[in-house]
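# Close look at the chain arrangement
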Amino acid sequence: MAGESYKTHEHDVLVIGAGGAGLRAAIEASASGARVGLVCKSLLGKAHTVMAEGGVAAALGNVDDRDNWRVHFSDTMRGGQYLNNWRMAELHAQQAPDRVRELEAWGAVMDRTPKGKILQRNFGGHKYPRLAHVGDRTGLEMIRTLQDHGIHQGIEVFMEFTITALLKDGGRVVGAIGYDRERGRFHVWKAGAVVLATGGIGRAFKITSNSWEYTGDGHALAYHAGAELVDMEFVQFHPTGMVWPPSVRGILVTEGVRGEGGVLRNKDGKRFMFDDIPDLYKQQTADNEEEGWRYVTGDKNALRPPELLTRDHVARCIVREIKAGRGSPHGGVFLDIAWIKEKLPNAGEHIKKKLPSMYHQFKELAGVDITQEPMEVGPTTHYVMGGVKVDGDSQMSSVPGLFAAGEVAGGLHGANRLGGNSLSDLLVFGKLAGEHAAKYAKDNSPGHADAGQIEDAMHEALAPFERADGENPYDIQHDLQDMMQDQSGIVRNENDMAKAVDGLAGLRERASRARADGHREYNPGWHTALDLKNLLTCAEAVVRSALDRRESRGAHFREDYPGKDEAHGYHNSVTSRGPDGHMSVVRRDIPQIRDELKQIIEEMG
Amino acid sequence: MAQPDVHLPQRRAGVGFLKTARGDTWYIQPLLVLLGLGAFIVYSTWAAFVGVDYHCGVNGANYLSPFYSPLLFDAPGVEPSGHAWFGAWPSWWPAFIPASPALLILWAPGGFRFTCYYYRGAYYKSFWGAPPGCAVGGPHTKRYRGERRLPLILQNAHRYFLYLAIGFLFILAYDAFSAMWFVGEGGAKSFGIGIGTLVLVVNPILLGGYTLGCHSLRHLVGGKKDCISDNGAQKKAYDCVSCLNRGHMRWAWASLFWVGFTDLYVRLCASGVINDVRIF
Amino acid sequence: MGESRDVTFRVWRGDASGGALKDYTTGITTGMVVLDAVHQIQAESAPDLACRWNCKAGKCGSCSAEINGKPRLMCMTRMDEIDTSVPVTILPMQTFPLIRDLVTDVSWNYEVKKRIKKFRPRKPDNADGSWNMAQADVERVQEFRKCIECFLCQDVCHVLREHERHPEFSGPRHFIYTAQLEMHPLDTEDRLGQLKDEQNIGYCNITKCCTKVCPEHITITDNAIIPLKERVVDEFYDPMTRLFRIFKPGKK
């Protein structure tokens with residue numbers, strides 16, 4: 001270990017993560033004159049944002065002119081069961097349209113309305129058609145646009161690097177240390193401000209739509225640097241992931257399928273979503289199939305079909321059908337878009353045009369032609385609403401100099417995120433984080449991280465190589481994923497989660513013995529061994545926050561407390577590292593909402 | 001191909017003629033192209049040089065081989081076909097150049113096909129081995145110039161051959177029309193259809209499908225512009241050409257085969273090897 | 001779940017200094033793709049087997065490799081479409097420098113892209129900074145924007161693979177990228193000179209291998225490269241269009 005060298009880089013703003021939020025933050029910071037470094041775990045343009053399919057929510061009002069930011073704001077708050085950071089929800093709804101239009105100025109080519117404007121589609125929880133999109137590859141369009149714009153901005157990009165720790169000067173974050181995955185050499189970044197944009201934690205669960213990158217790095221980095229996390233109990237299970245064949249289990253099936261008229265049926269052919277429509281949405285939901293079809297075909301007077309209820313609810317209904325023995329052969333339910341051939345003369349072509357990636361995904365991975373037969377789908381871990389607690393205006397965390405944007409930041413989505421709000425989240429708050437990080441770096445003198453921190457971090461990262469007879473890290477990761485899926489997944493209870501807390505202690509102990517074999521160049525075993533710390537931190541935050549919330553709300557469902565409890569409706573769970581090094585979860589009251597926002601919520605019903 | 005050829009470390013992997021890790025029958029297609037094009041070239045060259053039997057007037061028929069159309073002059077020593085634009089073969093024609101009317105015109109459709117984007121890709125593979133197949137090593141490594149320099153930079157003249165080829169379409173359509181009129185006793189012409197008529201009618205149809213699906217034409221009718229939706233006629237034309245263009249390879253082969261077959265049919269009838277059958 | 005059957009994979013192991021094919025046998029079940037098999041080999045017997053991947057759904061373009069000699073995405077190659085009676089060969093992309101095992105250094109592609117002139121839109125059509133475009137006009141560009149940058153087209157292109165014209169030839173990926181910019185209804189930049197002299201589109205001899213390997217089924221050659229070649233002809237080679245330009249000043 002002694003004599004391990006590292007290379008040093010200096011930037012005003014260091015952005016960790018190059019998905020939508022990271023790229024947008026980097027673009028904004030460099031546009032304001034800051035020297036920006038952008039670090040990402042994979043190649044540029046491969047981040048998980050490419051997987052986003054349905055669209056980006058913005059109240060442009062191009063398809064339905066009744067839409068405006070107020071409606072979007074109230075939809076977001078209702079979807080989040082009013083636990084949202086209302087300031088973020090407000091800024092998000094107000095600024096999303098400009099952020100989307102800006103993408104077009106940078107070369108994005110969204111689908112068009114007959115009048116040549118940006119086309120918008122229906123999505124769960126959104127009152128009006130609101131999602132700007134490009135077929136079902138909106139995320140790819142977004143990331144490519146940001147990437148192609150960003151490469152001309154003078155941003156220094158570090159591809160295939162992993163950050164293992166944030167560096168601090170007293171109470172403030174002043175940089176980061178990590179290694180390049182290709183060669184395994186260490187690098188230190190000195191920065192005036194650091195923006196986390198690392199995405200989510202889905203890889204803590206067995207069935208997930210998330211890529212390998214989603215190991216909760218940013219959540220864990222922030223936590224270990226002393227920042228607070230918020231709402232970690234709220235993990236979104238997307239109702240429709242693939243279930244067959246086993247190797248593709250969890251891969252996302254876009255909500256766009258339902259937005260285009262796809263319906264959910266159980267094995268008896270029944271559209272079971274009509275059976276259970278929550279009171280909060282009764283007035284907005286169709287009670288018959290005909291009206292639902294009229295809604296998806298653009299009838300402004302029709303109410304939306306129950307398939308387009310919020311994701312948490314649809315996911316639970318699917319679980320209920322499966323548990324009651326009414327599921328499909330491989331443990332899911334049927335999602336049928338092929339049926340629209342009864343309604344449209346040219347249905348096959350229409351489906352291929354509107355949902356091209358879905359068509360290919362099923363055709364190539366499952367051998368299913370979705371224009372002819374139904375898909376089998378089931379819930380899959382998709383998104384974490386919780387994340388680094390940030391100031392709504394500046395996106396700075398509770399640790400000065402550390403900012404967060406996108407999925408790694410918490411607050412905007414409350415207890416449940418609406419589809420399409422995540423892409424707009426990335427744009428709106430990526431921009432704000434970049435702007436404020438650059439400003440912070442400008443206003444504060446450079447800090448200094450002592451050599452001890454750097455030595456410690458390198459030592460910790462290399463430790464797995466010194467445990468020749470340690471445990472295979474893949475086994476530990478699989479056990480963690482199994483445990484989280486079973487004991488802290490879509491349906492939770494006190495007993496299981498108490499067991500999970502114990503289980504996590506055991507896994508932590510095993511992780512401290514995880515080994516890495518061979519060399520340091522592009523060694524996936526080593527990377528997995530290092531990921532464990534982050535995954536375990538996030539998993540513990542999820543379980544402890546979930547234990548503390550003794551009610552069911554949004555994405556958090558407890559069978560021992562199946563109802564919503566108003567007593568829990570006014571606080572967020574805040575997770576932080578106590579002085580003793582142990583994790584603590586406290587309840588913190590949501591700040592009083594401004595009157596005019598409250599009024600909007602009341603008016604919109 | 002049990003053991004794949006591997007040349008790592010990198011960047012010299014494909015080098016080496018026919019070296020590949022592919023275990024499938026990648027060579028079938030370039031081989032078929034080689035045989036198909038080779039056969040056509042051999043036949044058409046022979047047919048172009050012989051200078052006889054290009055017109056069939058047997059039993060009042062009026063079939064002209066497409067290899068010889070437009071017919072500028074009748075070949076020396078051949079009975080006048082009635083198609084020659086300028087009459088008899090010029091006396092000043094140098095004796096050392098074969099006296100065949102096909103040679104005067106065949107460069108145009110030949111050039112069109114030679115510079116065609118589909119054929120280029122196909123013969124570069126099959127005849128030049130550049131590359132022999134996808135992810136298969138070729139014979140040249142140092143001197144590759146592509147179409148950047150002479151001579152292949154001349155391929156960019158494709159659109160001029162297209163202009164000529166469109167002219168040929170009209171001429172061949174006229175020939176097909178002419179093939180519907182049979183000379184009866186006493187020299188009177190009457191409408192009729194023989195097998196040869198059908199062969200001559202199919203020819204410009206297939207050639208049309210090929211010519212009108214040309215990449216250069218697609219560019220000219222609309223591809224050069226970024227927006228054409230505001231011009232309905234242009235949009236339609238562009239869509240039509242694009243549609244034919246998607247099947248350009250199939251049209252290319254079908255029309256190539258048929259034009260050769262048409263020549264053969266006329267030749268066999270003219271030389272009396274077979275008898276044309278009058279259907280109507 | 002279906003039965004598991006053993007399949008042997010012949011995987012390249014090594015780095016720039018050398019290496020060899022190594023055999024691994026693992027159990028294959030229904031619906032598995034090649035990437036699943038590689039992961040299984042990592043978990044079972046070769047934890048340090050280097051392999052780049054990300055989304056495992058054909059959307060990010062990370063797991064490019066050559067499976068039985070054909071450039072493909074490992075995550076979209078189903079085991080049941082491969083002959084498994086003989087060992088399945090998995091090689092890294094041959095056109096790029098090797099880092100280790102199945103991972104190559106594709107950074108060259110990012111450098112090339114940076115050199116292509118960026119998007120420059122016309123002035124907005126509307127007061128809110130937006131533009132109007134017809135769906136029919138954007139569709140051509142949307143096809144090219146499906147590109148996931150897997151670089152399989154670059155890998156298979158013989159101009160790069162065999163003739164190593166890396167510095168001067170930008171390759172199919174960047175022709176689609178340029179096509180997407182050049183044919184963009186809003187773009188006002190002129191990249192034809194760049195296409196001819198810096199990207200050297202003339203090296204392409206349209207053998208269409210790029211189109212054949214594209215996992216996004218983009219018609220690279222017919223819809224992007226050839227139309228660009230035609231535009232280059234307009235600008236530089238066709239005497240008639242050049243003549244017309246003299247009489248029609250102010251067009252560019």
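Below is a summary of the structure that appears in this document. Quick caveat: nothing in here was measured; it's all calculated off a predicted structure. (Residues numbered from 1 in each chain as written. Chains lettered and ligands numbered in written order. Predicted model: local features only at pLDDT ≥ 70, side-chain atom pairs only at ≥ 80, totals over all residues. Heavy atoms only, no water.)

## With respect to helix α3 (residues 107-114) of chain B
For α3 of chain B, the complete set of buried residues consists of A108, G111, F112 and R113 of chain B. Buried residues belonging to α3 of chain B abut α2 (102-105), α4 (117-128), α5 (158-178), α6 (195-211) and α9 (248-270) of chain B. (Buried < 20%, exposed > 50% of the residue type's maximum accessible area, 1.4 Å probe, protein only. Helix = DSSP H or I, 4+ residues; strand = E, 2+ residues; numbered from the N terminus. Contact = heavy atoms within 4.5 Å.)

## Digging into the pairing of strand β4 (residues 70-73) of chain C
Residues and elements named next belong to chain C. Side chains P71 and L73 of β4 all project onto a buried face; the interleaved residues K70 and R72 project onto a face where none is buried. Alignment of strand β3 (residues 64-67) against β4, held across 4 bridges, turns out to be antiparallel. Considered in β4, the bridge of S64 is made with L73. Remark: 2 residues form the turn of the hairpin made by β3 and β4, two consecutive strands paired antiparallel; N68 in that turn has positive phi of roughly 50°. (Pairing = 2+ DSSP bridges.)

## Some thoughts on a negative patch on the surface
All names here are of chain A. Together, D169, D450, E455 and D456 make up a negatively charged patch on the protein surface. With respect to the helices and strands, D169 occurs in strand β7 (residues 161-169). The class for D169 is partly exposed, based on a relative accessible area of 33%. (Patch = residues over 30% accessible without salt bridge, like charges linked within 9 Å, V, L, I, M, F, W, Y side chains within 5 Å. Areas by Shrake-Rupley, 256 points an atom, 1.4 Å probe, with all protein chains shown as cover. Salt bridge = Lys/Arg side-chain N within 4 Å of Asp/Glu carboxyl O. Lys, Arg positive; Asp, Glu negative; His and termini not counted. Charge placed at Lys NZ, Arg CZ, Asp CG, Glu CD.)

## Brief notes about the sheet that holds strand β14 (residues 375-384) of chain A
Residues and elements named next belong to chain A. Read from one edge of the open sheet, 4 strands run β11-β14-β13-β12, paired in antiparallel fashion. Each end of this open sheet is capped by a strand with a single partner; those strands are β11 (235-242) and β12 (263-265). Here the strands of the sheet are splayed against their neighbours by 45° on average, with no regard to which way each runs. Strand direction decides the pairing type here: β11 and β14, joined by 6 bridges, are antiparallel. Directly across from M242, in β14, lies its bridge partner V377. Seen against the sheet, helix α8 (residues 311-323) touches β11, β12, β13 (333-336) and β14 and runs at an angle of roughly 60° to β11. (Axes fitted to C-alpha atoms, helices over the stretch in contact; angles between N-to-C directions.)

## As for the interface of chain B and chain C
The interface is formed by 56 residues belonging to chain B together with 59 residues belonging to chain C. Between chain B and chain C the total buried area reaches about 4,800 Å² when both faces are included, carbon and sulfur atoms providing 52% of it. There are 29 residue pairs in polar contact (both at pLDDT 80 or more) connecting chain B and chain C. Of all the elements in the fold, those that place two or more residues in the side of chain B that touches chain C are α4, α5, α7 (215-223) and α8 (232-246) of chain B. Residue composition of the side of chain B that touches chain C, grouped by class: 22 nonpolar, 17 polar and 17 charged. (Buried area = accessible area lost by both parts, 1.4 Å probe. Polar contact = N/O pair within 3.5 Å; in protein donor to acceptor, adjacent residues only side chain to side chain. Nonpolar A, V, L, I, M, F, W, Y, C, P; charged D, E, K, R; others polar.)

It is worth stressing that arrangement in space is one thing and function is another; only the former is reported here.
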